[in-house]
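Structural overview
Read off the chains here:
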Amino acid sequence: MIAPLSLRSSRCETSLLLMTGHGSTRATREGANERLGIIRRRNRGGTFTGAPVASGVVASPLFKAPKGTHDVLPPASKRWEALVARFARQVEAAGYGLVQQPVFEEIAVFQRLGAGTDVVSKEMYDFQDKGGRHVALRPEGTASVVRAFAQYRPPTPWKVWYAAPSFRYERAQAGRYRQHHQVGVEALGSADPDLDVEVIALGWELLASLGLKGVLLLLNSMGDGDDRCRYVEELRRFLGQHRHDLADEDRPNADAHPLRLLDSKRAATKAVVAAAPRILDHLSDGATARFARVQAGLAALHIPFVLEPRLVRGLDYYGHTTFEVQSSALESAQSTLLGGGRYDGLVEEMGGPPTPGIGFGSGIERVLLACDAEGVFPVGQSAVEVYVVDVTGGEAARQLTAELRGDGIGADRSFDDRPMRAQMKLADRSGARLALIVGPQEVADGTVSVRSLGGEGREQVSVGREKVVHHVKDALAVKDRS
Ligand code: HAM
């Protein structure tokens, strides 16, 4: 029997064959693979999988990102950076500090989000670790923040922000991912309705500052605990009376978790819910007055909103204010750009002292999809301002990029001694505004040629090597002013 070769040795043999005159085209490579007994075949996802064959050699599989996940690569990642940086600037200026947290927690932390919620009952990525602990990847940000608050008991008000991934085993489609990313804030330790206004305003301002216009703020109050109990009883009674008209999938929840039906996307249930009692009609005087203050605060800041009494949101921890911002530019099932609300009982549920809290989370992918649909918030300018083209071996490029970077000027170069044309192509692709060109003539003259790139024409001047960094600084400043 032939002992299986390792993947590494199969690669070695492939490259040896290619180096010994078999060429490097795909056809010849495949020929080489055949000669080595490597079978390449397509799996259902279209990727190649290696198969162990008679000779025992295994081809390298072509891996893909898991379903429902995606890679964020340059230049698109530039917008991510810009979005997170903008959010950080806005919320830090309002007194919120960054929290950086584990992506997994003891599962019980997330079970506090509510047994009847899809997030907990169906979508959690949970598993036993090697020590036998039952843990889960975070499906959202609030639970971890509240767990940290209960653990460290920082002074209040505790105002924090995050930019982090969340994991939900959902049906993957555009705008709905199994790993998505949220920017969000949480503010703990104050029940002041003005804090509700501050938090909602931060979310609204983020979207407005990106240039989004087709956005609608929906607002509701879920009242206090007693209000909710009374309302849930009445809703349960109503849904019981209309049980046969509900969508089959929603019927089991009508009794166990009636609030879940209010945001059902199923047509039959939606029709029933349209005539259901409204929570806003069941608020106590105190909750009504509180909600009026939130509305007055938003109006005073000129933030438009629409009351949506069916907005209970998909997590169980909410009371009093709940809100969402929806985009008219996206498919309705994935149109919520941001959602949040008050969770005054959650800290206690995590073992902390009674502490009110409010926050929101906003899906970065969805916000950027809405920006694409509205044609706003384009990819920002490259951080590379100067590209050094050196056809004399690379030493000049090494020195010039180091000097430029040392002076705070974004600079890049090519490697591997490529020809002039190839280096100029890279210079154009880099997004730089100037190319510094060093050829044999420049070396002989002790100069560097400075050429404008992009839509700015192809002017070229010759500058003494010693003066070039100074010249570049001045030239970039002139371009910034024009
Ligand atoms: P959420 O509504 O479940 O709330 O999620 C917040 C936002 O994350 C949504 O509005 C949406 O933009 C985005 N999002 C959620 N699921 C997905 C997905 N599968 N794919 C893409 N984007 C998604 C929360 O997570 C709460 N923790 C918000 C909060 C903070 N409430 C109080 N504080």
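So, a few notes on the structure that sits alongside this text. (Residues numbered from 1 in each chain as written. Predicted model: local features only at pLDDT ≥ 70, side-chain atom pairs only at ≥ 80, totals over all residues. Heavy atoms only, no water.)

Turning to the sheet that holds strand β9 (residues 215–221), a few remarks are in order. The sheet built from eight strands is open, its strands ordered β3-β7-β8-β13-β12-β11-β9-β10 with mixed pairing. The open sheet has two edge strands, β3 (97–98) and β10 (306–307), and neither has a second partner. Here helix α3 (residues 76–92) sits on the sheet in contact with β3, β7 (158–167), β8 (179–188) and β13 (357–363), set at roughly 160 degrees to β7. (Pairing = 2+ DSSP bridges. Helix = DSSP H or I, 4+ residues; strand = E, 2+ residues; numbered from the N terminus. Contact = heavy atoms within 4.5 Å. Axes fitted to C-alpha atoms, helices over the stretch in contact; angles between N-to-C directions.)

Right, let's talk about the site of the ligand for a bit. Around the ligand lies a shell of 27 residues, among which Glu-140, Thr-142, Glu-170, Tyr-318 and Thr-336 are the nearest. Separating an oxygen atom of the ligand from a side-chain N or O atom of Gln-182 is a distance of 3.2 Å. For the ligand, whose unbound accessible area comes to 650 Å², protein coverage reaches 96%. Looking at the shell around the ligand, the elements that each hand over two or more residues are β8, β12 (336–342) and β13. A per-element tally of the shell around the ligand places β12 first, with six residues. In terms of residue class, the shell around the ligand is made up of nine nonpolar, eleven polar and seven charged. (Near = heavy atom within 4 Å. Polar contact = N/O pair within 3.5 Å; in protein donor to acceptor, adjacent residues only side chain to side chain. Areas by Shrake-Rupley, 256 points an atom, 1.4 Å probe, with all protein chains shown as cover. Nonpolar A, V, L, I, M, F, W, Y, C, P; charged D, E, K, R; others polar.)

Before going further, it helps to examine the nonpolar core. Residues Tyr-96, Val-199, Leu-212, Phe-323 and Leu-337 are the most contacted members of the largest nonpolar core, which totals 61 residues. Here this core gets nine residues from one element, more than from any other, and that element is helix α7 (residues 193–209). (Core = buried A, V, L, I, M, F, W, Y, C linked by side-chain atoms within 4.5 Å. Buried < 20%, exposed > 50% of the residue type's maximum accessible area, 1.4 Å probe, protein only.)

As a further point, take unusual backbone geometry. Look at the link from Pro-74 to Pro-75: it is a cis peptide, with omega at 5 degrees. In this model, Thr-156 is joined to Pro-157 through a cis peptide bond whose omega is -5 degrees. Within the fold, Pro-157 resides in the loop between α6 (142–152) and β7. Backbone geometry at His-302 places phi at a positive 60 degrees, although glycine is not the residue there. Residue His-302 is classed as exposed on the basis of its relative accessible area of 70%. Even without being glycine, Asp-416 reaches a positive phi, approximately 70 degrees.

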